[in-house]
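Working through the structure, step by step
Letter by letter, the chains look like this.
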Amino acid sequence: MKQYEKEEIKQLPDKYKPLGAWRYFGYNLLFSIPIVGLICLIVFACSSRNINRRSYARSFFCVLIIALVIVGVSLLFTFLGFGGEFLKEFFQGLTQGAGA
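Treat the numbers as computed from the prediction; the structure is a model and nothing was measured.

1. Remarks on the side chain of R53
With respect to the helices and strands, the residue R53 is situated in helix α4 (residues 51–81). One buried charged residue, R53, forms no salt bridge at all, with the nearest opposite charge on D14 at 10 Å. Apart from the residues within four sequence positions on either side, R53 is in contact with L19, Y27, F44 and S47.

Here it is, written out as structure tokens:
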């Protein structure tokens, strides 16, 4: 990065300062922690302290939602395709076990 670019970045308000690659990596690790990451993700997505962090959190949240939808649809098709026999046997086992 050239010197004039560094000076220009220093003059930016904190709200508009860019995030470095290590920050993105750290936020990726943070958002991957099950409960704490989800809470931080929601807080950062609604925060206005740094626009770049807010945008990254929102994009991560969108990818998370898309992944959950794809997994849900895949499971639905799996249980509809293979699940007919599997579910019959499963529920028969439950009713026989409960009746015995």
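2. Points about the packing of helix α2 (residues 21–31) against α4
Put simply, α2 and α4 touch, their axes get as near as 11 Å, and they point 45° apart. With respect to α4, the axis of α2 lies oblique. α2 and α4 meet at a crossing whose hand is right-handed. Facing α2, whose interface residues are Y24, Y27, N28 and F31, α4 presents N52, R53, Y56, A57 and F60. Of the residues belonging to the contact of α2 with α4, the class tally is 6 nonpolar, 2 polar and 1 charged.

3. Structural notes on the environment of I35
As for its placement among the helices and strands, I35 is situated in helix α3 (residues 34–46). C-alpha of I35 to C-alpha of K6: the two residues are 29 residues apart in sequence and 37 Å apart in space.

4. Overview of the nonpolar core
Among the nonpolar cores identified, the biggest contains 9 residues, and these are L19, Y27, F31, L41, F44, A45, Y56, A57 and F60. Among the secondary structure elements, those contributing two or more residues to this core are α2, α3 and α4. Other than its neighbours up to four places away in sequence, L41 contacts F31, A57, F60, F61 and L64.

5. A word on the layout of surface pockets
A probe as big as a water molecule, rolled over the atoms, marks out the empty space that is left. In this structure, the largest pocket spans a volume of roughly 180 Å³. Lining the largest pocket are D14, K17, L19, R23, Y27, R49, N50 and R53.

Conventions and cut-offs
- Residues numbered from 1 in each chain as written.
- Predicted model: local features only at pLDDT ≥ 70, side-chain atom pairs only at ≥ 80, totals over all residues.
- Heavy atoms only, no water.
- Helix = DSSP H or I, 4+ residues; strand = E, 2+ residues; numbered from the N terminus.
- Buried < 20%, exposed > 50% of the residue type's maximum accessible area, 1.4 Å probe, protein only.
- Lys, Arg positive; Asp, Glu negative; His and termini not counted.
- Salt bridge = Lys/Arg side-chain N within 4 Å of Asp/Glu carboxyl O.
- Contact = heavy atoms within 4.5 Å.
- Axes fitted to C-alpha atoms, helices over the stretch in contact; angles between N-to-C directions.
- Parallel < 35°, antiparallel > 145°, perpendicular 65-115°, else oblique.
- Left-handed = near helix turned anticlockwise from the far one by under 90°.
- Nonpolar A, V, L, I, M, F, W, Y, C, P; charged D, E, K, R; others polar.
- Core = buried A, V, L, I, M, F, W, Y, C linked by side-chain atoms within 4.5 Å.
- 1 Å grid on protein atoms, 1.4 Å probe; cavity = no way out; pocket = protein on both sides within 12 Å on 5 of 7 lines; lining within 4 Å.
- Points joined across faces, edges and corners; volume = space filled by probe spheres on them.

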